[in-house]
Amino acid sequence: MTGSSNFLDGGHMHVQLVQLPGKKTSTCRILESSNVPSTEFLRYQQDCGQDINDRFIQIFRDTEKSPLRNIRLRNSTITNEGMRILLRHKLNSLSMWYCNKITTASWNILIENCRQLRSLELGRFVDMLKHSEPNEKTPIDFQLVLPQLRHLILNGVVLQPSIQFGHLSELTYLDLTACIFAEFSLKALNRSAESESADLSLQTLDLSVSRANVDGNYLTPNKLLSNLVESLPNLRHLDISGTNLAGDGVAMKTNNTSSSSDIPGLASRAENPLEFLGLYYTAHSACKWHDIPAIRIAGEATEEQILVAASVYQDRHELLTKVLNDLYHLLRFETCKQIHKALDVVLSAMDKHIRVKNIQISGSATLFYIVKGRNKIQFGVPLKNHIIHTLLNGMSTHLTDDTMMRNGCLTLCQFNIPQDVLFEYERLVRILLHGVSYREQEGFVQRIAIYLLNSLACQVDGSQKMFLGDLGAISTMLNLISDRLSRKIFDDVMEVAWSTMWNVTDETAKNCERFLDGRGMEYFLGCLKLFPDKDDLLRNMMGLLGNVAEVKELRPRLMTPEFITEFANLLDSSSDGIEVSYNAAGVLAHIASDGETAWAISKPTRDRVLIRMVEAIERWDLSAERNINYRSFEPILGLIRCYHTPACQHWAVWALANLTKVYPTKYCLLVEKERGIELLQELIEHPQPYSRLKDLANMVLMHCRNFNDSLDQCKKMELDG
């Protein structure tokens, strides 16, 4: 982004992003005091995909001019040096996820500078509490000297038995997701809650783990949970997913109430149910029980429980992967009713965990069934764009994973290509070219990727076709063809490779040149020799050569006895109806239009080839339906004035007569738009063309008149109605 300014209201800072030559990332320099708040600017840069690294953080060195209060970093390459700058600010909250260059040095800086901190979130791959080479099971020794802390999230660490929370009198939210507890550590938490000197008023407590019956298996689960809950009267949100703290399902009665709970440790809350209870994959499938004292439950038993779990576990990638798998099965068997809610949680999960391959795979598989379903017609453009953008993020991050590429391509096939993906055209092309050329993915992924590439090359403008060529689409297709020729194998990949080049070379001279430079004619002859009976292959090859022949500068490279002989022989082909013969005639018509002096070979003779061409044209059925698509008639109309070689005119007027007869709605309008009517009228009035040419020209004019008459009649009927 260059030259940005004043894109947010309020704040202190005005920056300009300057793209440095040869650099992939931008650097920022502070120009003057302005209206962009530092915190919002930092968030905006992350949303735009800017890597928040040490170099970027330099713009916040002045804590007075660019103050920060709330920091959320995800997928950042910041190191302890950058953190030293950030932690000098008077932070209210700090959230970090997937910042794997942070060590304990940053924890020491935080404790020294941020005693006013009210919210702290240390998520996955943030080693602020770990030593340089910690053992996974080694309890971590750290002190929580943060007296104003209200909100604490620690993810995936082993807690020391000595850790205390009772002195954190402001703490209302404690999330120890995936933390490893020895039983005495949980008892220590109990002691913190029960201590007379403690004023622990927790409202949210998360003790969930991702691996059931491993880290969350306690010897006396009922007693531990009961003591803990009774010691925390303000508790509203409790998560014990993945543990055995729910017990074995045998209800028990308390001394104080006659009400019961299928979860023994929560008997005291039977009359005062929790607002939320996490029971996802607990021992004995506790989420399937009936008497559960909670209003909202995260579990795997019902659609509602799964969607609650998907919403609550957005920052817990191991649990989230399981939830997405459960959601996938609901959608696959069409039992999911809340499609839009499912879509929201899947997109959010994939956006947050781009680097977690399992989430991208599970999420993309789920997206496939969502966009494949009947609800797709209700998706607006912004939502479609979000889905496609999220898919491409996952595919580009996990390019070498066969499953991710397969899921992504299959899901993209459910959209209208290329219309729905034009906003991400360049990135999608890069991804698909990698998928096609990556040899280990030969097979289904290669086939579907080349299918999508071919679709992307259709119905797009010249600049996009050029972009395809610039990125190596022609050379990639030629490599695929060369590989199969060397192995004497014909498959759909070879067929679509020729089709893709046919589309990419359409009115794009540079790509035609790339084809010739890449030994394309050698491969053409090789395919003719090995696979002479493959109709679709012959059609695609001759369609491509028709594009090459339209480029005047390249036609001399087709003028060899071997090539001209093959083109002339293909005039007699009945392969794919008239298509191969039609395209062969088109190639020869353009070559012959350069005049007798340009015919640089002695055999076959020009006259003999032109006679054979006219004979072939007259054999074709004027009512034949076509497997061809013209965006412009410019190359055909250019041959109408080729009076020195009537055979070239013959092919051109026959083409127009056929297309305007069979597809009047599209091609009559195109003839008129490109001033074809005037050229045909000129041909009719010219003394030189023979009568058959004038008959065909009159036929085109008649088709256009009839079409306009029917159009006028329809308009009249609409007005009368």
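Everything quoted here is computed from the prediction, not taken from an experiment.

What counts and how
Residues numbered from 1 in each chain as written. Predicted model: local features only at pLDDT ≥ 70, side-chain atom pairs only at ≥ 80, totals over all residues. Heavy atoms only, no water. Helix = DSSP H or I, 4+ residues; strand = E, 2+ residues; numbered from the N terminus. Buried < 20%, exposed > 50% of the residue type's maximum accessible area, 1.4 Å probe, protein only. Contact = heavy atoms within 4.5 Å. Areas by Shrake-Rupley, 256 points an atom, 1.4 Å probe, with all protein chains shown as cover. UniProt positions renumbered as here; feature names shortened; annotations may be inferred. Expected span 1.5 Å × (residues − 1). Pairing = 2+ DSSP bridges. Axes fitted to C-alpha atoms, helices over the stretch in contact; angles between N-to-C directions. Core = buried A, V, L, I, M, F, W, Y, C linked by side-chain atoms within 4.5 Å. Right-handed = clockwise from strand over helix to strand, strands pointing away. 1 Å grid on protein atoms, 1.4 Å probe; cavity = no way out; pocket = protein on both sides within 12 Å on 5 of 7 lines; lining within 4 Å. Points joined across faces, edges and corners; volume = space filled by probe spheres on them. Nonpolar A, V, L, I, M, F, W, Y, C, P; charged D, E, K, R; others polar. Salt bridge = Lys/Arg side-chain N within 4 Å of Asp/Glu carboxyl O. Phe/Tyr/Trp six-rings, centres within 6.5 Å; stacked < 30°, edge-to-face > 60°. Lys NZ or Arg CZ within 6 Å of the ring centre and 35° of its normal.

Help me understand the overall build of the protein in this model?
The number of helices and strands found in the protein is 28 helices and 13 strands. Here the protein holds 721 residues, and the buried ones make up 55% of them. In the protein, once contacts between residues fewer than 6 apart in sequence are set aside, the share between residues at least 24 apart is 67%. Looking at the protein as shown, the accessible area adds up to about 31,700 Å², and 48% of this sits on carbon and sulfur atoms.

How do you make sense of the UniProt feature "repeat: ARM" (unreviewed entry) in the protein when you look at a structure like this?
Mapped onto the present numbering, the UniProt feature "repeat: ARM" (unreviewed entry) falls on residues 562–601. Between the C-alpha atoms that bound residues 562–601 there is a distance of 10 Å. The span itself is 57% helix and 0% strand.

When you look at helix α13 (residues 425–437) in this model, what are you seeing that I'm missing?
Think of an α-helix as 3.6 residues a turn; residues three or four steps apart then line up on the same face. An ideal rise of 1.5 Å per residue puts 18 Å on 13 residues; α13 measures up with 18 Å between its terminal C-alpha atoms. Residues of α13 that are buried include every one of Tyr 425, Leu 428, Val 429, Ile 431, Leu 432, Leu 433, Gly 435 and Val 436, and no others. In this structure, the buried residues of α13 make contact with α11 (381–397), α12 (402–412), α14 (444–457), α15 (462–470) and α16 (473–487).

How should the sheet that holds strand β9 (residues 237–239) be read in this particular structure?
Note: strands within a sheet are paired through backbone hydrogen bonds, in either parallel or antiparallel orientation. As summarised here, the arrangement of the nine strands in space is β3-β4-β5-β6-β7-β8-β9-β12-β13, forming an open sheet in which the pairing is parallel. Of all the strands in the sheet, just β3 (70–74) and β13 (294–298) have a single pairing partner and so form its edges. Along the sheet, successive strands turn relative to each other by an average axial angle of 10°, direction set aside. When strand β4 (residues 93–97) meets strand β5 (residues 119–122), the two strands line up parallel, connected through four bridges. For Ser 95, the partnering residue across the bridge sits in β5 and is Glu 121.

Just checking my understanding: could you explain the nonpolar core for this structure?
For soluble globular proteins, nonpolar side chains are generally found buried alongside one another. Counting residues in hydrophobic clusters, the biggest one holds 161 residues, and the most contacted among them are Trp 498, Phe 515, Phe 524, Phe 567, Phe 633 and Trp 651. The greatest single-element share of this core, amounting to ten residues, is contributed by helix α25 (residues 646–662). Sequence-distant contacts of Phe 515, that is, excluding residues within four places in its chain, are made with Ile 474, Leu 478, Trp 498, Met 501, Gly 520, Met 521, Leu 544, Leu 545 and Val 548. By size, the runner-up hydrophobic cluster in this structure holds 71 residues, among which are Ile 102, Leu 152, Leu 176 and Leu 279.

Hey, could you run me through the pairing of β4 in this one?
When a strand is regular, its side chains alternate between the sheet's two faces. In terms of residue burial, β4 counts as a mostly covered element, since five of its five residues are buried. Side-chain alternation along β4 places Ser 93, Ser 95 and Trp 97 on one buried face and Leu 94 and Met 96 on a second face that is also buried. In terms of strand pairing, β3 meets β4 through five bridges, oriented parallel. Looking at the pairing, Asn 70 lines up with Ser 93 of β4. A crossover links β4 with its parallel partner β5, the connecting element being helix α4 (residues 104–113), and its sense is right-handed.

Would you mind showing me how to read the layout of surface pockets here?
The method is simple in principle: a probe with the dimensions of a water molecule rolls over the atoms, and the space it marks as empty is what remains. Considered as a void within the structure, the largest pocket measures approximately 980 Å³ in volume. As for the largest pocket, its lining consists of 28 residues, and the residues nearest its centre are Gln 46, Asp 47, Asn 75, Asp 351 and Ile 354. Residue composition of the lining of the largest pocket, by class: seven nonpolar, twelve polar and nine charged.

Quick question: what am I supposed to make of the pattern of salt bridges here?
Should the charged atoms of two oppositely charged side chains come close, the side chains can pair. Considering all chains together, one arrives at 30 salt bridges under this definition. Glu 522 serves as the salt-bridge partner of Arg 519, at 2.6 Å between the closest nitrogen and oxygen. Of the residues examined, Glu 522 reaches a relative accessible area of 42% and is grouped as partly exposed. Between Arg 641 and Glu 682 there is a salt bridge, and its shortest N-O distance comes to 3.2 Å. Of this pair, Arg 641 sits in the loop between α24 (634–640) and α25 while Glu 682 sits in helix α27 (residues 676–685), placing them 41 residues apart in sequence. Judged by relative accessible area, Glu 682 falls into the partly exposed class, the value being 31%. Here the salt bridges do not stand alone but share partners, grouping Asp 175, Asp 206, Asp 239 and Arg 316 into one network.

Which parts of the structure should I look at to understand the packing of aromatic side chains?
Centre distance and the angle of the planes are the two values used to describe a pair of aromatic rings. Overall, the coordinates contain 18 aromatic pairs when judged by the stated rule. With centroids separated by 5.0 Å and ring planes inclined at 80°, the aromatic side chains of Phe 368 and Tyr 369 adopt a geometry described as edge-to-face. Tyr 369 sits in the partly exposed class, given a relative accessible area of 23%. Three or more aromatic residues joined by ring pairs make a cluster, and in this case those are Tyr 582, Trp 620, Trp 651 and Trp 654. We note Arg 124 situated over the ring of Phe 125; from NZ or CZ to the ring centre the distance is 5.5 Å. Over the aromatic face of Tyr 582 sits the side chain of Arg 626, whose NZ or CZ is 3.9 Å from the ring centroid.

In this structure, what is going on with empty space enclosed by the protein? I would like to understand it.
Applying the stated rule across the entire model yields one cavity of 30 Å³ or more. Of the voids in this model, the largest cavity is the one considered here, and its volume is about 40 Å³. Every residue along the wall of the largest cavity is listed here: Arg 124, Asn 155, Thr 177, Ala 178, Ser 210, Arg 316, His 317 and Glu 318. Across the lining of the largest cavity, the residue classes break down as one nonpolar, four polar and three charged.

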